[in-house]
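# Commentary on secondary and tertiary structure
If you want the building blocks of each chain, they are given just below.
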Amino acid sequence: MRRERSDIIAFMGALCLFFSTIEYLFPKPVPFFRLGLANLPVLLTLGFFKPRETLLLVALKVLGQGLINGTLASYVFLFSVAGSFTSALAMITVSRAFGSRITLVGVSVFGAITSNIVQIILSVTFIFGMTAWVIAPVFMVLGSVSGVLVGLFAERFREQSVWLRRVESTYVATG
Amino acid sequence: MSRPGDSRFLRRNIGPVILFVCGAAVIPAFLFQRSVVVKLVQVIVFAVLATAAGKKIKPVYFLVMVTSITFFNVLSPLGRVLIQIGPFPVTETALVSGVVKGLTIVGLVFISLFSIRPDLRLPGRMGGMIGRVFFYFERIIEGKRRKLEPRRLIASIDEILEEIFEPGVPEAEAKATIIKTTRLGYLIAFAIPVVNWVLLLPFFATIGAV
């Protein structure tokens, strides 16, 4: 049974990498901005993955992205690790605290904002310097918009996907 | 054997571990480099190596990156004033430190791009899990060639997912393709760090003089 659960985590990790490559195809409105499509599987599995499984999925996502994009030994990887883990922790916390009273849109926006705050702090501290705070509001607005879009798609996918329902019923039962 | 001009020359001639070690050996030599000109040349060479490893480089993206890092550094004046643009003085120390910082960050990305690739196997349980992730990733990419219909997007995604991953049914293990390092590959993997460390000799000479 454990093997099956680790298998679905690995598969969701692969889905994160797939969405990450899809995102690469979209033009970026501003440099350094990301839509966050790779977070979709993380959002979709919050309901039936245990917190440590979600964190393992995030670890697989950032490591996989680092290996595929070749950014494992660069600042990009550190930004990705910091942003992804804080965002995942924020999403786990709000989804557990509010349960069914919060939609995936709300959870996604929380995650996006947390990730953006951490990445802005890192870029101000290590790359651009204090003057870069002037662009922080732009990134926060863009981050919130992308959080809403990803959350809306996740919500729709959770409602309509037969496959996700099957996965959920199989792995909730074996967890 | 592939020629050095081939877009995946490094990938065909050097195994993932040797290439990773090569990249790791270059990083300190690149970080300690103080000359802006040498650093610029190193960054260009790393970009060429990244291309030889089969990676696509977007020059505009990296130019914007160096420019924006330099711009934000120049906003905090430091050192001799070079020119005055309206109310903003462009100072020498701030400008040089901005360019060096920008080149360093972009150079590290290029080193990472040429020295790290998906077939690099990480040790331990996590390494095994990553191998599994790549196995499924390849299957998803193959599945993507089937039709994704925008009008019934979620249903068509569902069909692909159903085909690739049936919940509860274990899959066969992935087979990894092993790339062995050729003699030319060893030579290149040895030469890259050596040249970068030799370029540091003037820096060590300065320390000796102090």
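Calculation criteria
- Residues numbered from 1 in each chain as written.
- Chains lettered and ligands numbered in written order.
- Predicted model: local features only at pLDDT ≥ 70, side-chain atom pairs only at ≥ 80, totals over all residues.
- Heavy atoms only, no water.
- Helix = DSSP H or I, 4+ residues; strand = E, 2+ residues; numbered from the N terminus.
- Buried < 20%, exposed > 50% of the residue type's maximum accessible area, 1.4 Å probe, protein only.
- Areas by Shrake-Rupley, 256 points an atom, 1.4 Å probe, with all protein chains shown as cover.
- Pairing = 2+ DSSP bridges.
- Contact = heavy atoms within 4.5 Å.
- pLDDT = per-residue confidence, 0-100.
- Patch = residues over 30% accessible without salt bridge, like charges linked within 9 Å, V, L, I, M, F, W, Y side chains within 5 Å.
- Salt bridge = Lys/Arg side-chain N within 4 Å of Asp/Glu carboxyl O.
- Expected span 1.5 Å × (residues − 1).
- Core = buried A, V, L, I, M, F, W, Y, C linked by side-chain atoms within 4.5 Å.

## Points about the overall build of chain B
A tally of regular secondary structure across chain B gives 9 helices and 2 strands. Traced from its N-terminal end to its C-terminal end, chain B shows the element sequence α-α-α-α-β-β-α-α-α-α-α. The proportion of buried residues among the 210 residues of chain B is 42%. As displayed, chain B has an accessible area near 11,900 Å², and 69% of this comes from carbon and sulfur atoms.

## Some words on the overall build of chain A
Along chain A, the regular secondary structure elements total 7 helices and 0 strands. The linear arrangement of helices and strands in chain A, starting from the amino end, is α-α-α-α-α-α-α. By the burial criterion, 56% of the 175 residues in chain A qualify as buried. Accessible surface computed for chain A: about 7,700 Å², of which carbon and sulfur atoms make up 71%.

## Some words on the pairing of strand 1 (residues 81-85) of chain B
Residue and element names in this part refer to chain B. Bridge count between strand 1 and strand 2 (residues 88-91): 4 bridges; the pairing is antiparallel. Within strand 2, the residue paired with Ile85 across the bridge is Phe88. Connecting strand 1 to the antiparallel partner strand 2 that follows it, the hairpin turn spans 2 residues, and Gly86 within it adopts a positive phi of roughly 60°.

## Remarks on the side chain of Gln42 of chain B
All names here are of chain B. Note on placement: Gln42 falls in helix 3 (residues 36-52). Note on Gln42: relative accessible area 3%, which makes it buried. Apart from residues lying up to four places away in sequence, Gln42 is in contact with Ala29, Phe30, Gln33, Asn196 and Leu199.

## Some words on the confidence of the model for chain A
Caution is warranted with low-pLDDT regions, since their predicted coordinates should not be read in detail. In this model, chain A carries an average pLDDT of 87, and 90% of its residues clear a pLDDT of 70 or more. Taken element by element, chain A is modelled with least confidence in helix 7 (residues 162-174) of chain A, mean pLDDT 81, and with most confidence in helix 2 (residues 40-45) of chain A, mean pLDDT 95.

## Here's the deal with a nonpolar patch on the surface
Residues and elements named next belong to chain B. On the surface, Phe32, Phe190, Val194, Trp197, Val198, Leu201 and Phe204 cluster together into a nonpolar patch covering about 690 Å² of accessible area. Listing elements by their share of the nonpolar patch, those giving two or more residues are helix 8 (183-198) and helix 9 (201-209). Counting residues per element, the nonpolar patch draws most heavily on helix 8, at 4 residues. Here Leu201 is to be found in helix 9. Accessibility expressed as a relative area gives 52% for Leu201, which makes it exposed.

## Concerning helix 7 (residues 153-164) of chain B
Between the first and last C-alpha of helix 7 of chain B there are 17 Å, a value that for 12 residues agrees with the 16 Å anticipated at 1.5 Å per step. Along helix 7 of chain B, the residues classified as buried are Ile154, Ser156, Ile157, Asp158, Ile160, Leu161 and Ile164 of chain B.

## Some words on the nonpolar core
By size, the foremost hydrophobic cluster in this structure holds 59 residues, and its most contacted members are Ile8, Phe11, Met12, Leu15, Leu43 and Trp163 of chain A. Element by element, the count of residues in this core is highest for helix 1 (residues 2-25) of chain A, at 11 residues. Those residues in contact with Leu43 of chain A, other than ones at most four positions away along the chain, are Met91, Leu104, Val107, Ser108, Val150, Gly151 and Ala154 of chain A. The next biggest cluster of nonpolar side chains, apart from the first, holds 43 residues, and it includes Ala50, Ile69, Ile105 and Phe110 of chain B.

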